[in-house]
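Understanding the architecture of this molecule
So the chains spell out like this:
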Amino acid sequence: MPLSFSRSSGRSGSQVLSTAVAAFVVFLVTPGPGRGEVVPSWSGYLLEPYGAAPLIVDLDVSAGRSGDVEAVRSPQSFGPRSAIPSGPEVVVSADVQYAWRSDGSSYSADPNRASAGARFSHASEGYVYYGKPAAADLSGSGVPQVVAVANHGDPSGDTSRYCVVLDNDGHLVWRVGVGSTIVASSPSLGDIDGDGDLEIVFLSGRGVVAFHHDGRPVGATPYLRVLPAEDGFFMYASVVLAELDPDVAGLEILFPARALEEAKLYAMYGDGSDVPGFPYDYGYTDNGDTSSNSSPCAADIDGDGVDEVWVATKTELMCIDPNASPILSWARSVLSTSIEFNSSPALGDIDRDGHLEVAIGAAFGRLYVLDAATGDPHPAFQSGGADYLEFDTNGFQLGSPLLADLTGDGYADVVVRDNAGRVYAVNRQGTLLPGFPLDSGTGQTLPCLGVGDLLGDGTPDLVVVSAIDQTVDVYSMAGVEADFSDPIAFPWPQFRRDPHNTGVLPAEAWNRSGRTRSVESGEVASTDAVSAGGSARLYSAAGAAEAIDVVGAAPNPTYGSVELRVGTPVDPSVSSTDLERATQGDGTAVWAAPLRVLDATGRVVRVFGAEAASRGVVVWDGRDEQGKALPAGVYYVAAGPSKSGATKVVLLKR
């Protein structure tokens, strides 16, 4: 039965400040909750009625982190922390940036901010944030930085918008003005120009804004491209940074244009020029129904090296394959209440059958879970013969779903909130989990959910942000131990999937069950049909075998070095540009491939030659080619040029 507990609401920021409300409240939980029972853990307060999807990220980076440690601090640190919980932090955009430690205490060590709730940044450095923040080690220092877009320079009336970068203590690193148009887009981080560094990309008005990691504009001005007035206005979506052209260095920028006339999906290179075949016109908008503020998602489901893209309008969810003709693979009716509140799709292999699903919330309490390749409804997510699962018939709109394992069974559950404030969680059979729906206060359909292992004990924690109630509530799944290093169980745990807000699902987050591509026919086949003994061989876009299979990585997660165990090299009769002739210790010539370690954006950070790979074991010390320790995060080990061919994922902790 749904949980209920008392909650104060309607507080203004001044009321909170005048009564000196603490940074958090700990709920008292009755002893001995049953396994899998969802229980309230802690609640934080926002001092003004704003709020966006939570960013769950480890801000306190440290070497050999295990349990309570002294964390690496920024140069402007107020001193080392003591007794720091081992899990990640929760960062939320509101009037300023807020940050909580994993136990609900205020993250900030600055007494001027910690005394004002859990404020992480100063209002004088940026005020009123609508999008989810992003985080990454932009400077290469090993310390993450937080990226957000402020809609005011300060509370005094400065209406300029700013791209703001903060260090891991909340101090301003840099900010650059981007005009006076409201920005609701969440910044995305990725290498769009092939220089090996992360760029910052977001939408503002009818333009695309792009900065280098140090605040320099990618183009001549912060606006990489401004669309014609008829093609875009007040674009609120976030971009997806995907691989559309493997022959061009860097990721491509994709987003739906909210148009007055013809709705289009734009795809452009890092210099602002259009990718061939784009913008794609997917309908005449005589009533605005095909316009969109939904943030697209992407994954390479056919193994051709080019990402497919899923984008929603007010009336439809579509799959776009840029490498096909026509590029529209399928479209299915998915009704939203307005283009202001489009749900954004999420990707994952919900039933671990090797087939990717796409999930999206819609009007009338409807949740669609579809085969990502065909658009066919998943049989477990249907109500009364309809092609959707219906939670409520009273017209409530569902927001953007998450896909994460809340029960510890290794399968991703679907978590979504409606605009009445109810949070639903259903398993792969389409059945509500015990304790759901949760009554999480006054509703909103803006992205507002996140899932993480906040205390580092393997227990899934659900974070719910309510801008109207000015609360950040955390619920824990009692007695559950989940494998957070398994990307199939946690394919989409936060809005835009990851702290970089890429919106891209890597291959290892869904295809481990054995789907691969046949060299001869190009059709999907099982691993057993390709390789006797069950050792999967992945295939490149050219149809040639990618040499080897990384069959083990230990320890994983790792705090330093990891031993990568490599399978038998492929038959030398198989030819590929990725293969190299290596010499074994006995002088025998064999074919093998270099092993590449890639970060979450697809950037190659370390390469081991074919000769090393042919010996069967490669030890990676967690460092890049220059010997510099890499930051904590998810890394992919691939026998090919991109993470789409990865056969192992490694979780590096610091």
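See above for the structure.
Now for a look at the structure at hand. On a predicted model such as this, the values are computed, not experimentally measured, just so you know.

Description of the sheet that holds strand β14 (residues 223-226)
Taken together, the 4 strands give an open sheet; going across it, the order is β11-β12-β13-β14, and neighbouring strands pair in antiparallel fashion. A strand with exactly one partner marks an edge of an open sheet, and here the two such strands are β11 (188-190) and β14. Each adjacent strand pair in this sheet contributes to an overall mean axis angle of 20 degrees, direction not counted.

Looking at the sheet that holds strand β4 (residues 89-93)
Overall, antiparallel pairing links the 3 strands, which are arranged β3-β4-β5 in an open sheet. The strands lining the two open edges of the sheet, one partner per strand, are β3 (55-57) and β5 (97-100). Recorded for the sheet is a direction-independent mean angle of 25 degrees between the axes of neighbouring strands.

Some thoughts on the pattern of salt bridges
It is possible for side chains of opposite charge to pair when their charged atoms get near one another. Counted according to the given criterion, the structure contains 12 salt bridges. Its salt-bridge partner being D498, residue R497 comes within 3.6 Å of it at the nearest N-O pair. Of the two residues, R497 and D498, both sit in the buried class. The partner of D621 in a salt bridge is R606, and the shortest N-O contact between them spans 2.9 Å. On the criterion of sequence distance, the pair formed by D621 in the loop between β42 (617-620) and β43 (633-638) and R606 in strand β41 (residues 604-608) is long-range, its members being 15 residues apart. Overall, D621 belongs to the partly exposed group, its relative accessible area being 29%. Three or more residues are tied together by salt bridges with common partners; here these are R606, D621 and E625.

Observations regarding the packing of aromatic side chains
Between two aromatic rings, the relevant description is the distance of the centres plus the angle of the planes. Evaluation of the coordinates by the stated rule reveals 10 aromatic pairs. Ring pairs connect the aromatic residues W42, Y98 and W100, which therefore count as one cluster. Cation over ring: R175 sits above Y162, and NZ or CZ is 3.9 Å from the ring centre. Positioned over the ring face of F396 is R422, at 4.8 Å from the centre of the ring.

Here we look at the nonpolar core
W100, F436 and L462 are the most contacted members of the largest nonpolar core, which has 40 residues in total. Leave out the neighbours within four places in its chain, and L462 touches V415, V423, F436, L438, G450, V451, D473, V474 and Y475. Counting 38 residues, the second largest nonpolar core, distinct from the first, contains L389, L398, Y424 and W492.

Thresholds applied
- Residues numbered from 1 in each chain as written.
- Predicted model: local features only at pLDDT ≥ 70, side-chain atom pairs only at ≥ 80, totals over all residues.
- Heavy atoms only, no water.
- Pairing = 2+ DSSP bridges.
- Helix = DSSP H or I, 4+ residues; strand = E, 2+ residues; numbered from the N terminus.
- Axes fitted to C-alpha atoms, helices over the stretch in contact; angles between N-to-C directions.
- Salt bridge = Lys/Arg side-chain N within 4 Å of Asp/Glu carboxyl O.
- Buried < 20%, exposed > 50% of the residue type's maximum accessible area, 1.4 Å probe, protein only.
- Phe/Tyr/Trp six-rings, centres within 6.5 Å; stacked < 30°, edge-to-face > 60°.
- Lys NZ or Arg CZ within 6 Å of the ring centre and 35° of its normal.
- Core = buried A, V, L, I, M, F, W, Y, C linked by side-chain atoms within 4.5 Å.
- Contact = heavy atoms within 4.5 Å.

Any functional reading would require information that these geometric values do not contain.
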